[in-house]
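# Summary of structural features
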Amino acid sequence: MRGGVGDGAVLFETKRAKGRIWYKLYFCSVLAGLCMIWVYRAIQIPGGGGRWWAWIGIFGAELWFGFYWILTQAVRWNPTYRYTFKERLSQRHQDKLPNVDIFICTADPSIEPPIMVINTVLSVMAYQYPVEKLSVYLSDDGGSELTFYALLEASRFSKAWLPFCKKFKVEPRSPSAYFEETLVSPREGAEAVDWLATKSLYEEMENRIDVAVKLGRVPADQRKRHKGFSQWNSAITPCDHQAIVEILIDGRDEKSLDDEEFALPTLVYMAREKRPSHHHNFKAGAMNSLLRVSSEISNGAIILNVDCDMYSNNSETVKDALCFLMDEEKGHEFAFVQLPQIFKNITKNDIYGNSLRLMTEVDFHGLDGVGGPLYTGSGCFHRRECLMGKKYDANSNVQLEPSRKILEANTSILEEKAKHLITCRYESNTEWGKEMGLKYGSPVEDVITGLSIQCRGWKSIYFNASRIGFLGVAPVTLAQTLVQHKRWSEGDLQIFFSKYCPFIFGHGKIKLGLKLAYTMYCLWSPCSLPTLYYVVILPLALLHDISLYPNIKSIWFMPFAYVIAATKLYSLSESLWVGYTLKGWWNEQRMWLFKRLASYPFAVVDTFLKLLGINKSAFIVTAKVADKEVSKRYEQEMMEFGAHSLMFTILATIAMLNVICLMSGVKRMVWEGEFGSQDSLLVQLVVCGTVLINIPIYEAMFLRSGGGRMPNSVTITSIALAILAYVLPMWQNRNASLVFP
Ligand SMILES: O=c1ccn([C@@H]2O[C@H](COP(=O)(O)OP(=O)(O)O[C@H]3O[C@H](CO)[C@@H](O)[C@H](O)[C@H]3O)[C@@H](O)[C@H]2O)c(=O)[nH]1
Ligand SMILES: [Mn+2]
């Protein structure tokens, strides 16, 4: 399929997956199975009592699962793949290339180490793109002089690093990642000397930053080296300080050159004003400040947003993105180009299911086929005007502004001007956070902002390059993973209950497929309720001999067996296809369960508390470093418990309940031969048997020693709760199950 006009000028190409007929047959067969299950549940409703209750609940859960499964088809129906022609871009449009402003956000130097932040900065400064058109902005919500100091060091090191990258065709261009991968010089002779010199320059810088971080302040001799340090005094705290803007490299200045006398990209440090009395709207607030500050300084028509842990892994990414936005025929339809979120620190079998592989390899290609992917906050190129609220107009062929805004002001005047744009009061009574910039009030500012851009008529592009564009870090403990997913699923659910609900807000504006796909994400957290019901009620029903499934000899058994087997086999093959190991798939299944039991329920509760006005939104920043012990266990793929968390108590209690009920079920079947006449309980036995997936929990409770094991208090509480559920008389109608077919 073509991307643009047919005369060879196309800048990208679009391909759709083939052989979808088989997929559609699979879909129809599972749908038929689901309908039969629902029919069975509806016509066999028992006559009352406890079994009636259990039955109705299971019916509800199965209705939900079926409905949700249908939603997930939206992202599997029409997978779409994109390919770019970068050479053509350079040949034809070299002189028309737009200014690109790159925004990096950081929030806290203790969990986002300054050295990591500046590696991200250096990697994007070194993009293969005309430097005079490139500006890099770092927003520091930690308002930390350590981060400022690290950035200052980076601005100096960039003078060696940028020419070095060119000379050695370095990839990736994050120095720390590069020197980790390339241990010895790839060339010989004088070049090897050069290579070593740059390496030691980097190491010396790393050292100096390390010293400052350990000290907790910038050494006096360094402080003297830049006027910017005068902004920090002892009264400054992360949530109480004036606005700070420091232009560390002014790209317009003819004197700012690298070691080989080439120009450098502009580099700006920014910390917006913070006062305890003013809510700062987390990352969305930072992004909007960046939008204003950059409009004063470089005013790039294209904005790339990356999180501070997401370094550039591919120095040609900017050109790739521009192939879409500058395509003559189609380019004007696209508001943003989202690249996949890939994490560097995923273990072989992806113990916490954090690789998001299914999302990046399946979902997002599917989304691209129905109007475009979500904006996921990092690794995304936007047209500035789209972020500023512009509506799509099919008749106006938006041209990207190629030239830099002419600015007469000198650097310090510019800095002063910029500071006025990021005071606490600046946004009062404006449309910022509403119709302008990123949206406020949501823990997933990215998703809701992307949705509203798409609802203004724009499309978006998902570009999954063969060389990954960005690499970040995923959480390395179970608790962090669950907390991160709580934030995401809570934000998504809030969207559903707000005026931005995809079906209402998107009515007549986005395709049905896209509405369904957004709804799929929005309804992540409510999936917890039927899942909780399943894992609590099924084992209890087994315990009390309450049959909830058809006898295996009955015809009604077929749809259950087919739907479960077909969907699980499909999920397995899909996972293997996108590169999971078998164990990786199993781990993914476990995390699927854990999120639904211990993360999403909190999202549901907090969403309702927020709807009632009781709770305020928060943003728990994900840690990017872990201590040695924890990292080691992560490498060994040992699940990390070790905290007194309600999340773990829930997981452990359910795991205990399941194993107790399973054992009593097996015992009765084997020793007492009780189930002989009622194979109907067999299904329940099998479902309970999947407790095997909880093995890491049992290990953490009973077998492991050392760090990361389940705290004793959690173990004791959960055993007590499970026994309580076990001994509670529930439904004393054993007979009901015996008369059942
Ligand atoms: O008050 C804040 C809080 C966070 N951040 C930055 O926001 C980014 C994302 O925070 P992180 O804790 O790493 O969240 P993740 O869950 O990893 O991030 C994903 O989800 C977020 C929404 O929940 C999006 O904002 C991110 O872009 C997206 O990568 C980081 O660079 C932070 O420094 C700020 O600048 N200010
Ligand atoms: Mn992150």
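Quantities reported herein were computed from a predicted structural model and do not represent experimental measurements.

A tally of helices and strands in the protein chain yields 27 helices and 13 strands. Relative to the globule expectation of 27 Å for 741 residues, the C-alpha radius of gyration of the protein chain, 28 Å, shows essentially globular dimensions. Taken across its 741 residues, the protein chain has 47% of its residues classed as buried. When contacts within the protein chain are restricted to residue pairs at least 6 apart in sequence, long-range pairs at least 24 apart make up 85% of them.

Contacts to ligand 1 come from 24 residues, most closely from Cys-105, Ala-107, Asp-307, Gly-377 and Thr-622. Of all elements in the fold, only β3 (100-106), α9 (282-297), α14 (445-455) and α15 (478-497) reach the threshold of two or more residues within the shell around ligand 1. The leading source of residues in the shell around ligand 1 is α15, at four residues. Along the lines of polarity and charge, the residues of the shell around ligand 1 split into ten nonpolar, seven polar and seven charged. Two domains each donate at least three residues to the shell around ligand 1, and these are domain 1 (18-77 + 514-549 + 585-739) and domain 2 (84-341 + 376-474).

The next thing to look at is the packing of helix α18 (residues 528-543) against helix α23 (residues 646-670). Viewed as axis vectors pointing N to C, α18 and α23 meet at an angle of 25°, and their least axial separation amounts to 9 Å. As far as their axial angle goes, α23 and α18 are roughly parallel. Handedness of the crossing formed by α18 with α23: left-handed. For the pair formed by α18 and α23, the contact residues are Val-535, Val-536, Pro-539, Leu-540, Leu-542 and Leu-543 on the first element and Ile-654, Leu-657, Asn-658, Cys-661, Leu-662, Ser-664 and Gly-665 on the second.

For the rest of this paragraph, the subject is the pairing of strand β6 (residues 266-271). Of all six residues making up β6, six are buried, and the element is well covered by its neighbours. With burial as the criterion, each face of β6 is covered, one bearing Thr-266, Val-268 and Met-270 and the other bearing Leu-267, Tyr-269 and Ala-271. Relative to β6, strand β4 (residues 134-140) runs parallel, the two being bridged by five bridges. Bridge assignment links Tyr-137 to a residue of β6, and that residue is Val-268. In this sheet, β6 lies alongside strand β5 (residues 244-249) in antiparallel orientation, the contact comprising five bridges. From the neighbouring strand, Val-245 faces β6, where its bridge partner is Met-270.

Here we come to helix α13 (residues 411-420). Along α13, the residues that are buried comprise Leu-414, Glu-415, Ala-418 and Lys-419. The arc that holds the buried residues of α13, viewed along the axis, is 135°, so those residues lie on one side. Residues of α13 that are exposed and angled more than 90 degrees away from the buried face: Ile-413 and Glu-416. On its buried side, α13 packs onto β5 and α9.

Averaged over all residues, the pLDDT of the protein chain equals 92, while 95% of them reach at least 70. Taken together, the stretch residues 1-6 has pLDDT below 50 and engages in 22 contacts with residues farther than four places along the chain or on a different chain. Low pLDDT, under 50, characterises residues 731-741; the stretch is placed with 23 contacts to residues that sit more than four places away or in other chains. Overall fold confidence for the complex sits at a pTM of 0.94, while the interface term, ipTM, reaches 0.99.

This part takes up the sheet that holds strand β13 (residues 470-472). Strand order across the open sheet formed by three strands is β8-β13-β10, with mixed pairing between neighbours. The open sheet terminates on both sides in strands that have one partner only, identified here as β8 (311-312) and β10 (342-343). As judged from the two bridges shared by β8 and β13, these two strands associate in the antiparallel manner. Note on β13: the bridge partner recorded for Ser-312 is Phe-470.

Core analysis: the largest hydrophobic core is formed by 131 residues, its most contacted members being Val-121, Tyr-137, Leu-151, Val-268, Met-270, Val-293 and Val-337. If one sorts the elements of this core by residue count, helix α5 (residues 145-168) sits on top with twelve residues. A domain split of this core shows at least three residues from each of domain 1 (18-77 + 514-549 + 585-739) and domain 2 (84-341 + 376-474). What Val-121 contacts, discounting residues up to four positions off in sequence, is Ile-104, Val-136, Leu-138, Leu-151 and Ala-154. Grouped together as the second largest cluster of nonpolar side chains are 44 residues, Ile-537, Phe-641, Val-683 and Met-701 included.

Take the domain arrangement of the protein chain next. Domain annotation of the protein chain identifies domain 1 (18-77 + 514-549 + 585-739) and domain 2 (84-341 + 376-474). Put simply, the middle of domain 1 and the middle of domain 2, counted by C-alpha atoms, are 42 Å apart. Of the residues in the side of domain 1 that touches domain 2, the class split is six nonpolar, one polar and one charged.

Analysis parameters
Residues numbered from 1 in each chain as written. Chains lettered and ligands numbered in written order. Predicted model: local features only at pLDDT ≥ 70, side-chain atom pairs only at ≥ 80, totals over all residues. Helix = DSSP H or I, 4+ residues; strand = E, 2+ residues; numbered from the N terminus. Rg over C-alpha atoms; globule rule 2.2 N^0.38 Å. Buried ≥ 20, exposed ≤ 12 C-beta atoms within 10 Å, placed from the backbone. Contact = placed C-beta atoms within 7 Å. Near = placed C-beta within 6 Å. Nonpolar A, V, L, I, M, F, W, Y, C, P; charged D, E, K, R; others polar. Domains from an automatic or database assignment. Axes fitted to C-alpha atoms, helices over the stretch in contact; angles between N-to-C directions. Parallel < 35°, antiparallel > 145°, perpendicular 65-115°, else oblique. Left-handed = near helix turned anticlockwise from the far one by under 90°. Pairing = 2+ DSSP bridges. Arc of directions from axis to C-beta. pLDDT = per-residue confidence, 0-100. Core = buried A, V, L, I, M, F, W, Y, C linked by C-beta atoms within 7 Å.

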